[in-house]
Amino acid sequence: MTFSGLALALEWNLQPAASRLAAEIQDLHEYVMILCAAIFVGVFGFMFWSVYAHRKSKGHQAEEFHEHTTVEMLWTAIPALILVLIAWPATRLVVAQKDTTAADLTVKVTGIQWKWAYDYLKGEGEGISLISTLSTPREQIEGRAPKGEHYLLEVDNELVVPVNKKIRMITTAADVVHSWWVPAFGAKQDAIPGFLRDTWFRAEKTGVFRGQCAELCGKEHGFMPIVVRVVSQEDYSKWVGERKKALLAQADDPSRKWSLEELKARGEKVYAANCIACHQASGQGSPAVKAPALAGNKFVTAEPGPIDTVLNGRPNTAMQAFGRQLSDTEIAAVITYVRNSWGNKASDVQPAEVKARRK
Amino acid sequence: MTQNASTHGRQQHYSVPQPAPWPIMGSAALLLMAIGGVFVMNGTRAGWASIGAGFLLLVYMMVRWFGDVIRESEGGKYGGWEDLSFRWGMSWFIFSEVMFFGAFFAALFWARVYSVPDLGSIESNALMWPGFAPRWPSAGPAFEEQFTPMAAWGIPAINTLLLLSSGVTVTLAHWALKENDRRQLVLFLALTVALGVLFIGLQAYEYGHAIRELNLKLSTGIYGSTFYMLTGFHGFHVTCGAIMLTVILVRCIRGHFTPDHHFGFEGVAWYWHFVDVVWLGLFIFVYWL
Amino acid sequence: MSAVIDHDHAHGHHDHHGGYGGIMRWITTTNHKDIGTLYLWFSFLMFGVGGIMAVVIRAELFSPGLQFVNPDFFNQLTTMHGLIMIFGAIMPAFVGFANWQIPMMIGAPDMAFARLNNWSFWLLPFAATLLALSFLMPGGAPGVGWTMYAPLTVQMGMGMDFTIFAVHLLGMSSILGAINIITTILNLRAPGMTLLRMPLFVWTWLITAYLLLAVMPVLAGAVTMTLTDRHFGTTFFNAAGGGDPVLYQHIFWFFGHPEVYVVALPAFGVISQVIPAFSRKPLFGYASMVYATSAIAILSFIVWAHHMYTTGIPVSGQLFFMYATILIAVPTGVKVFNWVATMWKGSLSFETPMLFALGFLFMFTLGGFTGLVLALVPVDIQLQDTYYVVAHFHYVMVAGALFAAFAGIYFWLPKWTGKMYDETLGKIHFWLTLVFLNMIFFVQHFLGLAGMPRRIPDYPLMFETWNKISSLGAFGMGLAQLLFLYIVVKCIRSGAPAPQKPWEGADSLEWTHLPTPVPYHSFETPPVLH
Ligand code: HEA
Ligand code: HEA
Ligand code: CUA
Ligand SMILES: [Cu+2]
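Residues numbered from 1 in each chain as written. Chains lettered and ligands numbered in written order. Predicted model: local features only at pLDDT ≥ 70, side-chain atom pairs only at ≥ 80, totals over all residues. Heavy atoms only, no water.

Things to note about the sheet that holds strand β1 (residues 105-112) of chain A
All names here are of chain A.
Step number 1: Across the sheet, which stays open at both edges, the five strands sit in the order β3-β2-β1-β5-β8 with mixed pairing between neighbours. Edge positions in the open sheet fall to β3 (129-132) and β8 (197-201), since each of these has one partner strand only. When the angles between neighbouring strand axes are averaged without regard to direction, this sheet yields 25°.
Step number 2: Across seven bridges, β1 lies against strand β2 (residues 115-122) in antiparallel orientation. Its bridge partner being in β2, Gly111 is matched across the sheet by Trp116. (Pairing = 2+ DSSP bridges. Helix = DSSP H or I, 4+ residues; strand = E, 2+ residues; numbered from the N terminus. Axes fitted to C-alpha atoms, helices over the stretch in contact; angles between N-to-C directions.)

Re the nonpolar core
Step number 1: Trp180(A), Phe185(A) and Phe265(B) are the most contacted members of the largest nonpolar core, which has 366 residues in total.
Step number 2: For this core, the element with the highest residue contribution is helix α14 (residues 387-417) of chain C, accounting for 22 residues.
Step number 3: If you look at the next biggest cluster of nonpolar residues, it comprises 21 residues, including Tyr271(A), Leu294(A), Ala332(A) and Val334(A). (Core = buried A, V, L, I, M, F, W, Y, C linked by side-chain atoms within 4.5 Å. Buried < 20%, exposed > 50% of the residue type's maximum accessible area, 1.4 Å probe, protein only.)

Some words on the domain arrangement of chain B
In many analyses, interface size is given as the accessible surface area lost on bringing the parts together.
Step number 1: Taken domain by domain, chain B consists of domain 1 (18-74) and domain 2 (83-288).
Step number 2: For domain 1 of chain B versus domain 2 of chain B, the distance between C-alpha centres works out to 25 Å. (Domains from an automatic or database assignment.)

Re the coordination of the copper ion (ligand 4)
Residues and elements named next belong to chain C.
Step number 1: Within the first shell, the copper ion (ligand 4) binds the protein through His257 (ND1), His306 (NE2) and His307 (NE2), at distances of 1.9 to 2.1 Å.
Step number 2: Read N to C, the donor residues that coordinate the copper ion (ligand 4) are spaced as H-x48-H-H.
Step number 3: Taken as an interatomic distance, the gap from the copper ion (ligand 4) to the iron atom of ligand 1 is 4.5 Å.
Step number 4: Exposure remark for His306: the relative accessible area of 12% places this residue in the buried category.
Step number 5: Among the residues examined, His307 registers a relative accessible area of 24% and is labelled partly exposed. (Donors = N, O, S within 2.8 Å, 3.2 Å for Na, K, Ca; no water.)

Things to note about the state of the cysteines
All names here are of chain A.
Step number 1: Following the criterion strictly, the structure yields zero disulfides over all chains and no others.
Step number 2: Cys278 takes part in no disulfide bond, and the closest cysteine sulfur to it belongs to Cys275, at a distance of 8.7 Å.
Step number 3: What makes Cys278 buried here is its relative accessible area of 15%. (Disulfide = S-S within 2.5 Å.)

Digging into the site of ligand 2
All names here are of chain C.
Step number 1: Residues in contact with ligand 2 amount to 34 residues; listed here are only the nearest, Arg58, His81, Trp146, His394 and Arg455.
Step number 2: Residue Thr78 places a side-chain N or O atom 3.0 Å away from an oxygen atom belonging to ligand 2.
Step number 3: In the environment of ligand 2, an oxygen atom lies 2.7 Å from a nitrogen or oxygen atom belonging to the backbone of Trp146.
Step number 4: Examining the composition of the shell around ligand 2, we find that nine residues originate from one element, helix α2 (residues 32-60), more than from any other. (Near = heavy atom within 4 Å. Polar contact = N/O pair within 3.5 Å; in protein donor to acceptor, adjacent residues only side chain to side chain.)

Digging into unusual backbone geometry
Residues other than glycine predominantly adopt negative phi, and peptide bonds predominantly adopt the trans conformation.
Step number 1: Following Gln113(A), the chain continues to Trp114(A) via a peptide bond in cis, the omega torsion being -5°.
Step number 2: Inspection of the secondary structure assignment puts Trp114(A) in the loop between β1 and β2.
Step number 3: Going from Thr516(C) to Pro517(C), the amide bond is cis rather than trans, its omega being -10°.
Step number 4: By the element assignment, Pro517(C) lies in the segment after α17 (509-512).
Step number 5: A positive phi angle, near 60°, is found at Asn164(A), a position not held by glycine.

Considering the interface of chain B and chain C
Step number 1: Across the boundary between the two partners, chain B contributes 75 residues, which contact 79 residues of chain C.
Step number 2: With both sides pooled, the region where chain B packs onto chain C buries about 6,700 Å², and carbon together with sulfur makes up 71% of that total.
Step number 3: Here chain B and chain C share one salt bridge between them.
Step number 4: Notably, a salt bridge pairs Glu72(B) with Arg115(C), separated by 2.9 Å at the nearest N-O pair.
Step number 5: Scanning the region where chain B abuts chain C turns up 18 residue pairs in polar contact (both at pLDDT 80 or more).
Step number 6: Elements with a contribution of two residues or more to the side of chain B that touches chain C: α1 (2-8), α2 (22-41), α3 (47-74), α4 (80-119) and α8 (221-253) of chain B.
Step number 7: For the side of chain B that touches chain C, the leading source of residues is α4(B), giving 21 residues. (Contact = heavy atoms within 4.5 Å. Buried area = accessible area lost by both parts, 1.4 Å probe. Salt bridge = Lys/Arg side-chain N within 4 Å of Asp/Glu carboxyl O.)

Description of the pattern of salt bridges
Residue and element names in this part refer to chain A.
Step number 1: Scanning the model with the defined rule gives 28 salt bridges over all chains in all.
Step number 2: Asp235 is paired through a salt bridge with Lys238; the nearest N and O atoms lie 3.8 Å apart. Placement of both Asp235 and Lys238 in helix α5 (residues 233-250) is noted, with a separation of three residues, approximately one turn of the helix.
Step number 3: By relative accessible area, which is 37% here, Asp235 ends up partly exposed.
Step number 4: One salt bridge in this structure joins Glu330 and Arg266, with 3.8 Å as the shortest N-O distance. One end of the pair, Glu330, is in helix α10 (residues 328-339); the other, Arg266, is in helix α6 (residues 260-274), and 64 residues separate them in sequence.

A look at helix α3 (residues 71-106) of chain C
Residue pairs three or four apart in sequence face the same way in an α-helix, which turns once every 3.6 residues.
Residues and elements named next belong to chain C.
Step number 1: With 36 residues, α3 should reach 52 Å at 1.5 Å per residue; the first-to-last C-alpha distance of 50 Å fits that figure.
Step number 2: Considering bend angle alone, the principal kink of α3 is centred on Met85 and spans about 35°.
Step number 3: Counting buried positions along α3 gives 35 out of 36 residues, so the element sits mostly inside the fold.
Step number 4: Looking one or two residues past α3, Gly107 carries a phi angle of roughly 70°, positive in sign. (Expected span 1.5 Å × (residues − 1). Bend = angle between axes of the 7 residues up to and from the residue.)

Things to note about empty space enclosed by the protein
Summary: where empty space remains is shown by rolling a probe the size of a single water molecule over the atoms.
Step number 1: Under the criterion given, the structure shown has eight cavities of 30 Å³ or more.
Step number 2: The calculated volume of the largest cavity comes to roughly 130 Å³.
Step number 3: Surrounding the largest cavity, 14 residues form its lining, Tyr39(C), Met91(C), Val95(C), Ser173(C) and Ser174(C) being those nearest its centre.
Step number 4: Listing elements by their share of the lining of the largest cavity, those giving two or more residues are α3, α6 (158-187) and α7 (200-231) of chain C.
Step number 5: Taken as a whole, the second largest cavity spans an internal volume of roughly 90 Å³.
Step number 6: In terms of lining, the second largest cavity is formed by Gln97(A), Lys98(A), Gly186(A), Ala187(A), Lys188(A), Gln189(A), Asp198(A), Thr199(A), Tyr309(C), Gln318(C) and Ile381(C).
Step number 7: Mapped onto the lining of the second largest cavity, the elements with two or more residues apiece are α3 (69-98), β7 (187-191) and β8 of chain A.
Step number 8: Of the residues forming the lining of the second largest cavity, the biggest block, three residues, is contributed by β7(A).
Step number 9: Considered class by class, the residues forming the lining of the second largest cavity number three nonpolar, five polar and three charged. (1 Å grid on protein atoms, 1.4 Å probe; cavity = no way out; pocket = protein on both sides within 12 Å on 5 of 7 lines; lining within 4 Å. Points joined across faces, edges and corners; volume = space filled by probe spheres on them. Nonpolar A, V, L, I, M, F, W, Y, C, P; charged D, E, K, R; others polar.)

Overview of the packing of helix α6 (residues 155-178) of chain B against helix α9 (residues 263-288) of chain B
All names here are of chain B.
Step number 1: The geometry of α6 relative to α9 is characterised by a closest axis approach of 10 Å and an angle of 160° between their N-to-C directions. When the interaxial angle is binned, α6 and α9 end up roughly antiparallel. For the crossing formed where α6 meets α9, the hand is left-handed.
Step number 2: In terms of residue class, the contact of α6 with α9 is built from 15 nonpolar, seven polar and two charged. (Parallel < 35°, antiparallel > 145°, perpendicular 65-115°, else oblique. Left-handed = near helix turned anticlockwise from the far one by under 90°.)

Here it is as structure tokens:
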């Protein structure tokens, strides 16, 4: 296909490491591979020698021996010793990997079907939240447009962290198990709904690092990338400042009254970004996740509109709580949109109404 | 066979049964029940018809299949060699049942030792479940109603006594059989069945009490889940055991079995002891501790 | 104490099917050979179905982007491919071997519970029906992976329930089969066939049967809890109610890891029959083979969490499970060394069964080594849920177990059918399978290392080349299996008559004591062993 695809395609080892942990994992892997290769050559050297030299067609006569205690003891003991040689460096690395104390920055990452929500909990940037969704257009996936360089590995909002700082990632999930993984950092941690787990990394290079969700989480599991932008300390502080300012500027005034058309236009965007995966662009729903059709749906058009459903989700279904992910305005907009699309006809929903129903 | 030869004498022929349609009938019955079950669980009431048909077929199949076995046994087809097979078979079947219960006990221990404490840890309280106190019994951090856990020293304790004594009576019946004392045999066996039925009755009463007065349901979080799954599967096994005992009782009344050839009796007795032991585990870990 | 009991077959020794004819013969049969045949054909059918699913998977993965199937259906295919291959193809294949071979190898009249044996088989087609039905339900078959992790299972449609009940039936079948095999081996051996004289195939099945007995009920428990979480409001795997999704994983892998040895041990057994036969030399280290097999089985119960290193188990847990897991390399190594030592200074010839056995030996060891790499927590953190894992388990299960099954089929086909297969075609089948198999799965190691997750219908561009090679291999491998079907059919229809003992070095009872083809009832009276 594209040139870059072919050039990268001959990768046959782990991705280049961007953290010491990842580099050490790579070393451990190579060390073990060399040991295994040596054993392999030894064992199959013997086998192929037999195959060559002890063939019947060469007239070799079978000997009758079928036991040899010393040899058997040896080939029990020697592998056991080799295992100790392997276990020792592995143990050291495990202990290092699990040590999430003394972090400079703590970020909580929540896996949601099918996006990642990041909350900066502690350290510089505390209070920042962002939601990170695949940004590769559907046309590329469906083959209606040429695929870009970072096909399937690009998102709207990247996780931004400073270089050379210990970042603790607390993982959890809103619906099913996901797994947060960036190969270059050697960090992978499952995100378990309702539970908190953690891992850490210290990126030693600036740049953009990409990974994917590594636990089957439903139909869009393959479309849930992770992109981390590692920047210098100054750039990071600058980013935090901008982010905070933007947050203030962006915040819609929830008491403002919007027109139906305004809400619908905004809602269409929100719908495309958040709801399409399950309820489809056509509003027909998808049986794969038991998402009902919203088109022609009486519950949707009934008063006062499915505000609670969208705010709080439905427990034990794929319908997630959007209250935390979307602003009052966005929720009002998307509800207005679904109430007035695909032949549905109903009144608009104003941000103030959503705000009133928040618990 | 050397060990067989010493205990059971040299027997040259092993009885291999004739072809039979019962197995495939059983499979068909299970298929019907499974399909019906799926439809019922997903809100299609018509599934009940399929479950019913499957169940009837299953019962018919069992009656015929066991009927064949009983006939073969009474017809003298089973000597010591076959008898030993039945013993191995039944023991390992019971072992597999133990492992089945193991899965549910594992769930109980996991909830008590890991998941509930983890959900109530400091960080979890701060970021996920504010205010959740990790105390057992627990129905989890999102359970909002009130419920009362089961007390051990009421009906459950009585039930323990009932089951333990039924273990004794079935053994007395066995001794009577070995002495060829048919009257005692029938008496103690009938007593065993009665104790079993009483146990089931009390268990059913207790369920009613739990649901109505304690607000304890299958959906009462992990406590309700483990409580009803464990006791429910146990109760189901007791029911099966009681039915099996009843069949054996009828066979005893009809004069089946001899003092040295009665594996049908023993197999059921083993099974009964097994449900007994499981109950002890339940009593200790579900009700008491 | 015992009398010589009048025997069921006393009056009908030579009529084949005790009253039933035609299709009813196969439905009602209590004969271990008939049932073995049924198992083997069923398993081949399932191999075809599962394989066709794999081919669709590979076709979708031929290029980046979505081509043939939508992501949801892709997940359904992956799930069903895994379930069907393991429960429908590989396990029944080896149970088929057990049915044919165990009574013949230990000099038994039949299986201990012949009627029950029939049921063990006849549960399978019904379970397969349930799996097939799940595709027809709204929402289709479950797209959750063969591991069926909670709580994704809660989101699935009715197909999930069908799959759960199918697993129940499969479990029943395995449990009943295991009880039968254990009882047969422990109670029906001919006089003089002491435990330590049993062929190794029988030993491996004895141990496998214990594994099945211990873990299939646990799987039944796990899916039962899934069912009640779905429909009856329990919260076993739901944090809101105090349960835990990870609990499911523990229970599943407590089943799942021993399960992979259920797949592997009978394969070891077959190889242990084939290699000595074609080396014309007794198996080296028979006793240590038995101990090693037992050691593997016992260890297999304490390593399950190596599938869960990334779930966040505490460091002590990770270390314990890492040490226990790599320890399995020792007894497995003993087996590999014993096989090589059996060949050492033998008189080797390379008919098709031997070729498959050598292929097994070579590639299973390779798969074992990648297992060892995965067992190391830090490395597994990078490789968990990538194509490296897919490569690992296809090496041990396809290049391992499936190759052993092919070896066994070519080995015993003359005994079973009374005819010889076409040796040239057999060899061609071997070489084609070998080449294509490595084409499919060797490159998947690179994909995994480079970071391609498993269970995805579409992938970033950098993975394209290896995926293309892998897919081409899969198409080739599928065609090669059509050749296998042709070889078997040709053997049955028009193979040359086989002698009683076509393999010079074979020495178990079925070769030494029974004519070819074997009579319908083999050992009605126990054979006399020297
Ligand atoms: C036949 C089936 C089979 C067999 C035999 C094995 C054998 C082994 N497996 Fe594998 N495994 C699977 C089937 C199997 N596996 C499957 C199906 C999965 C994925 C399930 C899923 O997620 O869907 C899996 C996944 C899996 C994982 C989880 C990966 C992940 O998801 O992250 C791990 C991790 O430890 C692992 C390890 C091992 C090890 C250490 C062995 C050992 O038994 C291997 C031992 C053998 C050798 C090591 C080679 C021979 C030895 C010598 C020559 C001696 C000298 C050697 C040394 C001293 C090193 N396996
Ligand atoms: C022993 C079991 C076994 C076997 C034999 C195979 C065989 C094959 N598997 Fe396997 N596979 C699994 C067990 C097995 N697999 C498991 C457990 C999983 C994990 C599932 C999960 O993630 O949940 C998996 C997942 C898996 C994946 C990953 C999917 C994903 O993550 O999304 C892939 C991708 O390449 C794959 C490919 C193949 C291929 C190409 C073959 C080929 O070797 C197949 C070759 C065979 C054929 C092509 C059929 C030949 C045709 C006939 C015999 C004709 C006769 C036909 C009839 C009579 C109808 N498999
Ligand atoms: Cu999220 Cu896979
Ligand atoms: Cu494993």
